[in-house]
Amino acid sequence: MNFFKKLKEKITKQADSVTEKFKQGLAKTRDSFAGRVNDLIARYRKVDEEFFEELEEILISADVGVTTVMELVDELKMEVKRRNIQDPQEMQAVISEKLVEIYRGDDDKPAELNIQENGLTVILFVGVNGVGKTTTIGKLAHKLKSEGKTVMLAAGDTFRAGAIEQLEVWGERVGAEVIKQTAGSDPAAVIYDAIQAAKARGVDVLLCDTAGRLQNKVNLMKELEKVKRVIEREIPGAPHEVLLVLDATTGQNAMSQAKTFKEATDVTGIVLTKLDGTAKGGIVLAIRNELRIPVKFVGLGEKVDDLQPFDPERYVYGLFADLLEDKNEQ
Amino acid sequence: MAFEGLSEHLQRVMSKIRGKGKVTEADVKEMMREVRLALLEADVNFKVVKDFVKRVSERAVGQEVLKSLTPGQQVIKVVKEELTELMGGEQSKIAVASRPPTVIMMVGLQGAGKTTTTGKLANLLRKRYNRKPLLVAADIYRPAAIKQLETLGKQLNMPVFSLGDQVSPVEIAKQAIEKAKEEHHDYVLIDTAGRLHIDEALMDELKQMKEVAKPDEIFLVVDAMTGQDAVNVAQSFHEQLGITGVILTKLDGDTRGGAALSIRAVTNTPIKFVGMGEKLDALEPFHPERMASRILGMGDVLTLIEKAQAAVDEEKAKELEQKIRTATFTLDDFLEQLGQVRKLGPLDEILKMLPGFNKIKGLNNLQIDEKQISRVEAIIRSMTKEEKMHPEIINGSRKKRIAKGSGTSVQEVNRLLKQFDEMKKMMKMMTNMPKGKKRGLKFPFM
């Protein structure tokens, strides 16, 4: 199978600290996931029903989601028939090929942010409570600043206690102005103010924080729609990105989150946070597969520079690094 | 279909079997396949699912079910029983130290809701158990975490102990307990920073805090939306710290909450409370049997009854029944009823507790705007005494006045009058019904 070789080569060509970061961040993930796939392959002499059943479980345990797993396994079964694969060893390649395929989808577009060449770029952050929206904004502000952009933050979470202060600390840390009102004020009004301020000061990027909300709270989702409408009205073509922040530890509910937030705010990308834990965040596979929302960034740690652009190949490489190395030795 | 909850799943499966005279082994097998998928989709850990399905299958296929008179019902019973069992038998209470203060440590991953839950727990301790808790801000890492707890303390009018973010959490815990003793606080709630269960340095810090604070309870706060990883997180925290209980947050979302089952199964520690909303009183004791019922779509009637008992005045209820019977129900009574229903809590939460409610199409996603009720109340309050007694005298100019007075529109006043009229008609019909069917009339507009 030269798939691994190709992937490996491609990765080593662009081998840099980023891939290393991915590997570190995903170390725990990889240990269990790749280890179990390896173990599975070693234990079976034949690719049979039982083999697939156990593979199903491994994928489910990565939070990939039952529906996607069923689809994936069905496709794998077809592939096995087509290529007449008997040896489980060969399955490694086929499995990762399929995973990358799902991640890639139809397009080959890199997951870059839609930053305007001229004028203001507005990015709206949405998500449920506690996924890391404010922290992600801080990290992204840092990243944009280090790329030479001027950044402004809008404290649109007027509900949670301490949320405004939290964003202010980040503003100080990265050197970005924070536009705020008092706690409890209308978030749409805060965002409106921020847009006016951003226009007046001529900043490049405005990052808008919003309060975390569970997607089944209709009234709160309506509030979010209103925030987006205000942005649309003030700047044609904005918001240029609506980023849904997802916690990698979240299970199948992430799909419901993606679906509902997409309906309400037309989400353009996902930031997958907390990937440095043992959770696999496999649900992004299903989300990409069903809703075609790409992952744009991943949070791989607590440091300010631990926000990395998402690259499906690196992600899968991170998941399968052990397999890749084994393969090369042989 | 993809987003339906565990209860809908099981209900669909059950409805296939319910009413069947005979259950074959093949039936049970097919049903268990569905149960397995439903549980997996609900984020129950796959190992736990495996065990569960095995146990239920054995009991279902065994003598117990196949030979019973109503095998279909029996299977449902078995599933429910096992589900309740899996969630941990009876509910548990909070420890009380023999020598106060009782120390509680809140631990968990980032974003699980520790700080908010700490505030809610303090509120519950004061309200329900008449305790005097001290909140301790020991999250020195996340920006403004201390500020967040301080704000909550202000909202609750409760003292918050903090030493800023330059002092080690271990020291903070130590000093806080001393202070609590001095000021005679009987509970100390320590809010710790969120951390990954694999972060050795930070987990060591918790161990040190545990040594110094000697907590009577260590609560693991877990997001109800957590996926398969819930097992790893819970197990790891438990192994390193010996947690005494679990608090499940964000259960007011549409998550199926399978994490609850998993955590309970792997740590064998009880789930003590569940977070049911963003308000500070939205922390409820965990009732496994009720939760099982709810998952199975049997409704959470017990909770509803408890709430109703707490909120509804028996005397007034009787009075109301009398009024309905004699058809002298006025807008004043209606206003009072609204107030009583509101005391029960958010209406959509109440409706969710009613059995079969989630099966009614279009209603399962119903959101009742509390503001709407406020408007209705305002309209009624803007009426004169006579108008409330005899709404039929309300003419055009009166309507205008009422609308103005309540800050609403004439249309809204019209709508309310029409609804009230229909309600009265309905009540008349009900009172004419034969006896015995009149029960459950206490909340006519629910």
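Residues numbered from 1 in each chain as written. Chains lettered and ligands numbered in written order. Predicted model: local features only at pLDDT ≥ 70, side-chain atom pairs only at ≥ 80, totals over all residues. Heavy atoms only, no water.

### Structural notes on the overall build of chain A
1) Next: Counting its regular elements, chain A contains 13 helices and eight strands.
2) Next: By sequence separation, contacts in chain A at least 24 residues apart represent 77% of the contacts at least 6 residues apart.
3) Next: Roughly 13,200 Å² of accessible area belongs to chain A as shown, and the carbon and sulfur atoms make up 46% of that amount. (Helix = DSSP H or I, 4+ residues; strand = E, 2+ residues; numbered from the N terminus. Contact = heavy atoms within 4.5 Å. Areas by Shrake-Rupley, 256 points an atom, 1.4 Å probe, with all protein chains shown as cover.)

### Quick notes on the nonpolar core
Most often, soluble globular proteins have nonpolar side chains that are buried together.
1) Next: Grouped together as the largest cluster of nonpolar side chains are 164 residues, with contacts concentrated most on Leu206, Leu207 and Ile287 of chain A together with Ile190 and Phe237 of chain B.
2) Next: Residues lining this core come from more than one domain, with at least three contributed by each of domain 1 (2-89) and domain 2 (102-286) of chain B.
3) Next: In this structure Ile190 of chain B touches Val103, Ile104, Met105, Met106, Val136, Ala138, Ala173, Met209 and Ala213 of chain B, once residues within four positions along its chain are discounted.
4) Next: Counting residues in each nonpolar core, the second largest holds 24 residues, with Ala112, Leu124, Met158 and Leu280 of chain B among its members. (Core = buried A, V, L, I, M, F, W, Y, C linked by side-chain atoms within 4.5 Å. Buried < 20%, exposed > 50% of the residue type's maximum accessible area, 1.4 Å probe, protein only. Domains from an automatic or database assignment.)

### Regarding helix α11 (residues 253-265) of chain A
Residue and element names in this part refer to chain A.
1) Next: Over its 13 residues, α11 runs 18 Å from end to end, which matches the ideal 18 Å to within 8%, given 1.5 Å per residue.
2) Next: Taken together, the buried positions of α11 are occupied by Asn253, Ala254, Met255, Ser256, Gln257, Ala258, Phe261, Ala264 and Thr265.
3) Next: Turning to α11, the residues buried within the fold contact β1 (121-126), α10 (218-234), β5 (241-247) and α12 (283-291).
4) Next: Positive phi shows up at Asp266, right after α11, with a value of about 50°. (Expected span 1.5 Å × (residues − 1).)

### Quick notes on the pairing of β5 of chain A
All names here are of chain A.
1) Next: Across the seven residues that make up β5, a large majority, seven, are buried.
2) Next: Of the two faces of β5, the one carrying Glu241, Leu243, Val245 and Asp247 and the one carrying Val242, Leu244 and Leu246 are both buried.
3) Next: Taken together, the four bridges between β1 and β5 define a ladder with parallel strand orientation. Bridge assignment links Phe125 to a residue of β5, and that residue is Leu243. (Pairing = 2+ DSSP bridges.)

### A closer look at the UniProt feature "domain: SRP54-type proteins GTP-binding" (unreviewed entry) in chain A
1) Next: Mapped onto the present numbering, the UniProt feature "domain: SRP54-type proteins GTP-binding" (unreviewed entry) falls on residues 294-307 of chain A.
2) Next: Secondary structure across residues 294-307 of chain A comprises 0% helix and 43% strand; the distance between its end C-alpha atoms is 16 Å. (UniProt positions renumbered as here; feature names shortened; annotations may be inferred.)

### Examining the interface of chain B and chain A
1) Next: On the side of chain A, 47 residues touch chain B, which itself brings 36 residues to the contact.
2) Next: Around 3,700 Å² of area is buried between chain B and chain A when both sides are counted, 56% of it from carbon and sulfur atoms.
3) Next: One can count three salt bridges joining chain B with chain A.
4) Next: Between Asp252 of chain B and Lys217 of chain A there is a salt bridge, with the nearest N and O atoms lying 2.9 Å from each other.
5) Next: Applying the counting rule to chain B against chain A returns 11 residue pairs in polar contact (both at pLDDT 80 or more).
6) Next: Among the secondary structure elements, those contributing two or more residues to the side of chain B that touches chain A are α2 (25-41), α3 (46-61) and α7 (145-156) of chain B.
7) Next: Considering only residue class, the side of chain B that touches chain A consists of 12 nonpolar, 12 polar and 12 charged. (Buried area = accessible area lost by both parts, 1.4 Å probe. Salt bridge = Lys/Arg side-chain N within 4 Å of Asp/Glu carboxyl O. Polar contact = N/O pair within 3.5 Å; in protein donor to acceptor, adjacent residues only side chain to side chain. Nonpolar A, V, L, I, M, F, W, Y, C, P; charged D, E, K, R; others polar.)

### A few points about the sheet that holds strand β2 (residues 151-154) of chain A
All names here are of chain A.
1) Next: Across the sheet, which stays open at both edges, the eight strands sit in the order β3-β2-β4-β1-β5-β6-β7-β8 with mixed pairing between neighbours. Here the strands that pair on one side only, and so sit at the sheet edges, are β3 (177-179) and β8 (307-309). Across the sheet, the mean angle separating the axes of adjacent strands is 25° when strand polarity is ignored.
2) Next: With four bridges connecting them, β1 and strand β4 (residues 205-208) associate as parallel partners. The residue of β4 that forms the bridge with Thr121 is Val205. (Axes fitted to C-alpha atoms, helices over the stretch in contact; angles between N-to-C directions.)

### Description of the sheet that holds strand β1 (residues 102-107) of chain B
All names here are of chain B.
1) Next: The eight strands lie next to each other as β3-β2-β4-β1-β5-β6-β7-β8, forming an open sheet whose pairing is mixed. The two strands at the open ends of the sheet, each matched to only one other strand, are β3 (160-161) and β8 (283-285).
2) Next: Pairing analysis gives five bridges linking strand β5 (residues 217-223) to strand β6 (residues 245-249), with the strands arranged parallel. Considered in β6, the bridge of Leu220 is made with Val246.

### A few points about empty space enclosed by the protein
1) Next: Using the criterion set out here, one finds six cavities of 30 Å³ or more in the structure.
2) Next: Estimated volume of the largest cavity: approximately 130 Å³.
3) Next: In terms of lining, the largest cavity is formed by 15 residues, of which the most central are Thr249 of chain A together with Leu109, Ala112, Asp223 and Thr226 of chain B.
4) Next: For the lining of the largest cavity, the secondary-structure elements that each account for two or more residues are β5 and α10 (230-241) of chain B.
5) Next: Among the elements that make up the lining of the largest cavity, the one with the highest residue count is β5 of chain B (four residues).
6) Next: Each residue belonging to the lining of the largest cavity can be placed in one class, and the counts come to seven nonpolar, six polar and two charged. (1 Å grid on protein atoms, 1.4 Å probe; cavity = no way out; pocket = protein on both sides within 12 Å on 5 of 7 lines; lining within 4 Å. Points joined across faces, edges and corners; volume = space filled by probe spheres on them.)

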